[in-house]
Every structure is written in C-alpha cells, then in structure tokens.
Amino acid sequence: MEFFNFIFKIQNIWKFYFHNKNKFHNTNIKKKNIILLESFYYYPSLIAFSYITNVLKNKFDADLYTYEPRLKSSYSRIRENFNLNKLIINTLFKSFGVKKKIFPKLLSKNSDESQKYFKKIYKSLKNKNYILKIKIKKVYVGDLIYDEYLRQYLKPTIDIKSFSFREHLKKSIDLFFYWNSFFEENNVKSIIVSHSVYLTGLPGRVGLHKNINVYNLGISYTFRLSKKNYLRLSGFENYKKDFQKLRNKKNLLKFSKKMLYEKLYGKSNIGYLTEYSLGGSPFKKMKIKKNLNKKKKVLVVSHCFTDAVHAYGDNLFVDFYSWMEFLGKLSLELDYEWLIKIHPNQFDLNYKYLNDFIKKYNKFSLLNKSITHNEIISKYNILSALTVYGSVSHEYPLFNIPVINASKNVPHKSFNFNINPQTIDDLRKNILKIKKINKKKNKKNHKEIFEYYYMRFLSDYQVMKNHYLISAKLGTKYNSPLIFNEWFKIFNDKYHQKKLYDFKKFVDSNNFRMLSDNTKNESKYLDI
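These lines cover the structure that appears in this document, whether it is placed above or below.

The rules behind each value
- Residues numbered from 1 in each chain as written.
- Predicted model: local features only at pLDDT ≥ 70, side-chain atom pairs only at ≥ 80, totals over all residues.
- Heavy atoms only, no water.
- Phe/Tyr/Trp six-rings, centres within 6.5 Å; stacked < 30°, edge-to-face > 60°.
- Buried < 20%, exposed > 50% of the residue type's maximum accessible area, 1.4 Å probe, protein only.
- Lys NZ or Arg CZ within 6 Å of the ring centre and 35° of its normal.
- Salt bridge = Lys/Arg side-chain N within 4 Å of Asp/Glu carboxyl O.
- Helix = DSSP H or I, 4+ residues; strand = E, 2+ residues; numbered from the N terminus.
- Polar contact = N/O pair within 3.5 Å; in protein donor to acceptor, adjacent residues only side chain to side chain.
- Contact = heavy atoms within 4.5 Å.
- Pairing = 2+ DSSP bridges.
- Axes fitted to C-alpha atoms, helices over the stretch in contact; angles between N-to-C directions.

## Remarks on the packing of aromatic side chains
Scanning all chains against the criterion turns up 51 aromatic pairs. Centre to centre, the rings of Tyr178 and Trp179 are 5.1 Å apart; their planes meet at 80 degrees, and the pair counts as edge-to-face. Between Phe317 and Phe326, the aromatic rings sit 5.1 Å apart at their centres with planes inclined by 45 degrees, giving tilted as the arrangement. Residue class for Phe326 comes out buried when judged on its relative accessible area of 15%. By way of ring pairs, the aromatic residues Phe24, Tyr51, Tyr461, Trp487, Phe491, Tyr495, Phe503 and Tyr525 are connected into one cluster. Positioned above the aromatic ring of Tyr122, the side-chain terminus of Arg166 is 4.6 Å from the ring centre.

Below, the structure is given as structure tokens:
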C-alpha cells in the first residue's frame, strides 16, 4: 500500500510540474528586473506562488529568482542537494519560471560596517528589553532578532550576556548587510515572503525600507506589507470598520457563527489548519455542563515560549517567560488558585519550563496534556482566563468567562468583548479585581465575536475551492503532493483565468489584505 501511495505522490508531482510548464509561459531572455521568491518548502503555497509570481513577472517584465532567507554554511548547502523534499520543491519552482537561486553570504566589503554596528548595538543593550529597540540604518529589526534567537536556541527568554546571543546578534547584523547590499545592487521590484517574523522576515523588512513591494502569502491568504503594516498579523484596528463595508453582513455573521461553533464543539469539518498542525482541535465533542468544582480558579492559557512572540507587534512583556514571571509574583499576593493549560505546540519543551515554574510558584498547577477547553469549562469554576493574545480571547467570552489579555496589539483590539490593558500596571489592577468582573451573558459581545471571527479567520482570499473541506480531508497530509491532486479536481481554464485576474487586480490595488466572501464554495474577491 505504501508503495502505491508513493507512486501516486510522484505522479502528482510530475503532473503539477508539466501543468505549470503549460499554463505559465516562460522565456530564457534575461531581464534587468527581478522578482524575489522565498524558497519556502511547503507544497500548498506553491499553488499561490505560481499565480502571484507570474502576475508580477508580467507587470514588471522581470526574471524570477528564489532565495534562502538566512545565511547557510557550505555544508548546509551541500546537504540540501541530498534532501529529497527540497529537491522536489526546487524543481517545482522552475516549473513556473524560477531561473536562479540566491544564497546569502558574508561579504568582505560589508565586514567593517557590520562589525561597527555590532559593537555599537551590543554596547547599547542595558537589558533584554533593549533588543526590541534595535534599528539598523533606520530599519526596525529588533523583533526579528529576538524571536529568531528564541526559536533557534529553544530558549524561553534571552540572556544578553550569553555567548550564543552575542554570536546570534552578530550573524543577524551580517545578514542585514547582505540584503541591504543586494537591494542596492539589483533592480528588485517585488519580494514574496512566507512569513514576516523571525529572520525569515528580514529581506522583506529591508525591502520595504527601499520602497520595494513585499507580499506575504500562502494558499489561503495574501497580504501586501508596508512600512506601517510590516507584519502580516497587523491592521486589526480596521476590522470593525472593514466589516461594515461588506455586503450581506447577516449571511456573513451566520456563516461565522456556524464555523466558530463547529470549532468549539469539536466537529471535524472546520478546516482550521492550525488545529491540524497541533494534532486536533483544542475543543472536543461534548456538552458544556454546569461547573462541578465550586472553588473558583484563574486559568492561565500559556503560549509556546519560542513561537514568534512578537508576531502581532509589541506586547506588555518582552516575552512569554516574563509574562509568566509577572503572574507568578502576583500570585504570592492573592488567594486565587491558578491553573495552567500548556500550549500544545512543542508541549514537552513548554512543560519543562512550566514544571520548573510551578515549583517556584506553588499556587499554580498544570492541567493534563489531553484536557480540552470544554472539559476545563465544565469541570472548573473559572473566574477568568489570562492570555497574551491567544484564541481564548474570543472563545471563552462565548461561555461568559471574561478574558484579560497582555498585549498592546491583540487581534480583536477594535472590539470590546474582553479586557485589553495597555500597561503592566493596568493589567495588574484588572487581575486584582477579577472577582468583580461582570460575567453576565452579553448578546452584543457575541455579535462582535462573530464579526471578529469572520474578519480574522474567514475573510481571506483562498486559491482553492472548498478549502476548508480539503484541509479537513487531508489533515496531516495537507503539506504533501496530495494537495496537487485536489487542485487538479477543481482546475479548469476558466478558473485559471479567474485566479490570474484576481491576483492582478490585487497587485494593482493599494490594499493591505486580499479580502473575499467565502460563504460559498469559492472565494469571491472583494476589492475594498
């Protein structure tokens, strides 16, 4: 059986290769302009990449190059030649016009300036908070440097005096100067990035400063980044206003309510990709019963310590570790019982940190790995849930449980269905008066939650028809050549031309986000 599955995957790969060769016509004539596409090894994204790159190539009469976003050793580059998955995807890149691949490297001409900036920046770091102030040649890069370090070294926080951080800072500055020189020496018209966070986002960040168009997209979303909105997860202050611009708002709210409640009650056809990457929905099928345990508790919904802490921008704390330490110290002053639900992503690593945490702060206890939110709500009398910017912010208020956030840039900032302190002192005051927070059912809040959920999760343009169903069907096999088989089932020339037209219309607009009406099986692009 495995052999036949392998053959089927190979057939889909080659079918997709020749399909692109046929649909996207390429020439060998060298052009002076360049479109840069990140080498992102994710099969579904290749479908979206094939469309936007061809729209951009035609618009700017440009060649298409892929690039690695980080510095790589010669050994790593050699190893890549023996990685079957990367070899396949690099071949598929060529099928829609990629001519060359760029590998960043240390440039001797930049070494003196890079070393000068390193010494100046490192000397300015009084503590880890100062990392978030780092700018190089007026380009803000502090968040990228911070989050990359946590991810690369799997640390919950940063010790600025450590050798590993010093080396990381130096390499980050070297990488900055590579991309700065590249954009000065080449006529780059557009950059397509997979993420706007970590050092993955650095080429785009430098490109924006040089007035280059930067797009951040996948198969189910497309964004044009800007100097104002340099993170994909931004622009939340416009959600409420943008929802009012949409037609058929009654149908959109109905659709949003349906999709959200399917998620909350653990139905399998949500098609919510992040849940599949985490091994399933954090909610499961069961009815919410009355609380069995009358003793009141505070629920801390922890985050993955190494997962793009600043993906939304600035929070009240420099990292999730500092937020937990704040709660730990505050617990010493209060008589609450505290429960911690560990983030399922990298559970074992997060468990190690938090197990040490509860030894230090004994009013906290860790919930079982397998417990669902439905079970928590059913079993415990939760006074309030605490998060930095997690999804419980819109989920728990539906069960009349207030949520207190700890970020200046929560995605629901234009709505009022939970508590959004703007300072650490304000956060402290709200936690101290948790018992006085009104827990009465608020229908207006519920309506706002459905508006928010539509704008946040259901309004992005999706390249594939029935995307929710397809993602649910494939589950953990979503990132595989099997996605191409689903693509061929819906593909025809009319559909192809519609996708090209929609992407061209978005590229020619000044819109930040490619919005659509997704209440039907196919995304209907909304030029607003």
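And the narrative resumes.
## Comments concerning the pattern of salt bridges
One pass over the full model with this rule turns up 30 salt bridges. One salt bridge connects Glu185 with Lys109, and the closest N-O pair in it is separated by 2.1 Å. Separated by 76 residues along the polypeptide, Glu185 in helix H7 (residues 163-185) and Lys109 in helix H5 (residues 108-124) bring together distant segments of the chain. The class of Glu185 is exposed, set by a relative accessible area of 52%. Its salt-bridge partner being Asp335, residue Lys435 comes within 3.7 Å of it at the nearest N-O pair. Of the two residues, Lys435 sits in the loop between helix H16 (424-432) and helix H17 (443-458) while Asp335 sits in the loop between helix H12 (320-331) and strand S10 (337-341), which places them 100 residues apart along the sequence. Across the pair, exposure class does not vary: Lys435 and Asp335 are exposed alike. Each of the salt bridges in this network shares a partner with another, and the network as a whole consists of Glu68, Lys72, Glu80 and Lys101.

## Structural notes on the side chain of Glu448
Relative to the assigned elements, Glu448 resides in helix H17. Looking at Glu448, the relative accessible area reads 5%, which means it is buried. At 2.9 Å, the side chain of Glu448 forms a polar contact with the side chain of Lys240. Beyond its immediate sequence surroundings of up to four residues, Glu448 is in contact with Lys240, Phe415, Asn416 and Phe417.

## Re the sheet that holds strand S3 (residues 98-102)
Ordered in space as S3-S2-S1-S6-S7-S8, the six strands form an open sheet in which the pairing is mixed. Edge positions in the open sheet fall to S3 and strand S8 (221-225), since each of these has one partner strand only. The mean angle between the axes of side-by-side strands here comes to 25 degrees, regardless of whether they run parallel or antiparallel. This element, helix H20 (residues 493-508), spans strand S7 (213-218) and S8 of the sheet and lies at about 20 degrees to S8.

## Digging into the environment of Glu148
Tracing the chain through its elements places Glu148 in helix H6 (residues 142-153). Taking relative accessible area as the criterion, Glu148 reaches 6% and is therefore assigned buried. A C-alpha to C-alpha distance of 38 Å links Glu148 and Ile490, two positions 342 residues apart in sequence. Apart from residues lying up to four places away in sequence, Glu148 is in contact with Arg70, His168, Tyr198 and Leu199.

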